[in-house]
Amino acid sequence: YSNNNVIIKDTQIGKEIASIIRDDLNRSGHFNTTTEKINTIPDFDFWQNHKKDAIVIGKIVQTSPKTYNVDLYVYDVYTKKQLYGKRIGVTNASIRKVAHILSDKIYYTLLGQKGAFNTKLTYVSISHDENGNTKYRLQISDADAYNPQTILIQEKPILSPAWSSEPPPLRKLAYVSFENDRSEVFIAYPYMGINPTKLPRFDGIASSPSWHPDGDSIALTISKNGNKDIYIYTLKNQNLKRVTTNVAIDTEANFSPDGKSIAFTSNRTGQVQIYIKNLKSGKISRATFEGRYNAKPVFSPDGKDLALIHRVGKDYRLALLDIASRDLTVLTQNKSDESPYFSPNGGMIIYSTNRDNKGILSIISLHNNQTVELMQKEGEVREPSWSNYSN
């Protein structure tokens, strides 16, 4: 099923759910999905002739003024067999969440891989009022950017939000704030109802947080005496360990999925390049060799690739690096891409870019390089990060 053509049955009550599922599947790049009114018993020969590979049928029954039962069935058009069947309860308030869950079920049924639709994004939105005052908001949304929730609003810049890997309610958000007129790292607890906490006032300004997979420690860039190096701070015992010691600028660390290595940006050769350090052996190896500027590395969930920002002429573009082969593939033709981050299944990358002098979020499918711009109501958005699965 490398390029599935899927039909979703549409009913009046289920129109919103069908639309969300269609958009989810199409955004992944694996599907060419349409919504049609069809019979409960599908005409498999008809859909074979129309080159459709699978059919998804949904049935919705209202059980109270605010609740429904949703039945979902997935059929293989060519074998004419049911591949999946499930009933799930829905309330008016949970329609989008349930639709994303169903999208994940369809994705797994047809591809044998976990979907990433019932996950969360975080990002920074920036708005300006009529008096020229700027507001920075740290926001959380669904994976399609709907249902944005503001967890922090302030007049000073917010940067580099990063999810920890634990499931809710333990999942945390690290971010950089200038609310005290200096770059400091805070930790927010969006599912625990407690106020953000600030990491200690280190001997130097702190930036670029990245969580270890266990959620107990965090990599930081700390600038001491004008020199930026990477440190790892352990929350429980408040231990701070320096892991790079070069006189150059070392920054933007990102942990590998197994927590055994970090990728980071450094100008230690006179160029801005990406390096990988094995935290056990201490060995540092250069990862990028193409071009004079490669930055903001992020490991793929399988640890085999890095998403990064690569300069082409005067443009900064999203690129993908195969770590083993060192093959670098430029994925976009934009002028100012920033802040890439993988979906938890590795199939998509979210990043920010500039369109008409406005920051927007885009998602690119690594299956077919299809790019989708995410909806936003106002202002501009930057610095996206994609959560892990909820379970």
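Residues numbered from 1 in each chain as written. Predicted model: local features only at pLDDT ≥ 70, side-chain atom pairs only at ≥ 80, totals over all residues. Heavy atoms only, no water.

Draft legend 1. View of the layout of surface pockets. There is about 660 Å³ of room inside the largest pocket. Among the elements of the structure, β9 (158–163), β13 (205–211), β17 (250–255), β21 (294–299), β25 (338–342) and β29 (380–386) are those that each provide at least two residues to the lining of the largest pocket. Among the residues forming the lining of the largest pocket, the class breakdown is 20 nonpolar, 14 polar and 3 charged. (1 Å grid on protein atoms, 1.4 Å probe; cavity = no way out; pocket = protein on both sides within 12 Å on 5 of 7 lines; lining within 4 Å. Points joined across faces, edges and corners; volume = space filled by probe spheres on them. Helix = DSSP H or I, 4+ residues; strand = E, 2+ residues; numbered from the N terminus. Nonpolar A, V, L, I, M, F, W, Y, C, P; charged D, E, K, R; others polar.)

Draft legend 2. Examining the nonpolar core more closely. Counting 36 residues, the largest nonpolar core has Ile-17, Leu-102, Ile-106 and Trp-386 as the members making the most contacts within it. A total of 8 residues in this core trace back to one element, the largest contributor, which is helix α3 (residues 95–111). The next biggest cluster of nonpolar side chains, apart from the first, holds 15 residues, and it includes Ala-174, Val-176, Ile-187 and Trp-211. (Core = buried A, V, L, I, M, F, W, Y, C linked by side-chain atoms within 4.5 Å. Buried < 20%, exposed > 50% of the residue type's maximum accessible area, 1.4 Å probe, protein only.)

Draft legend 3. Local environment of the sheet that holds β29. Read from one edge to the other, the open sheet built from 4 strands follows the order β8-β7-β6-β29, with strand pairing classed as antiparallel. In this open sheet, the two edge strands, each paired with only one partner strand, are β8 (149–154) and β29. Direction aside, neighbouring strands of the sheet carry axes that sit 20 degrees apart on average. Pairing analysis gives 9 bridges linking strand β6 (residues 120–128) to strand β7 (residues 134–142), with the strands arranged antiparallel. Bridged to Tyr-123 within β7 is Gln-139. (Pairing = 2+ DSSP bridges. Axes fitted to C-alpha atoms, helices over the stretch in contact; angles between N-to-C directions.)

Draft legend 4. Structural context of unusual backbone geometry. Cis geometry is found at the peptide bond from Pro-168 to Pro-169, where omega equals 5 degrees. Tracing the backbone shows Pro-169 in the loop between β9 and β10 (173–177). One non-glycine residue, Ala-145, lies in positive phi territory at about 75 degrees. Relative accessible area serves as the criterion here: at 5%, Ala-145 is assigned to the buried category. The backbone of Glu-252 sits at a positive phi, close to 60 degrees, despite the residue not being glycine. In this fold, Glu-252 is placed in strand β17. On the basis of relative accessibility, which here comes to 22%, the residue Glu-252 falls in the partly exposed class.

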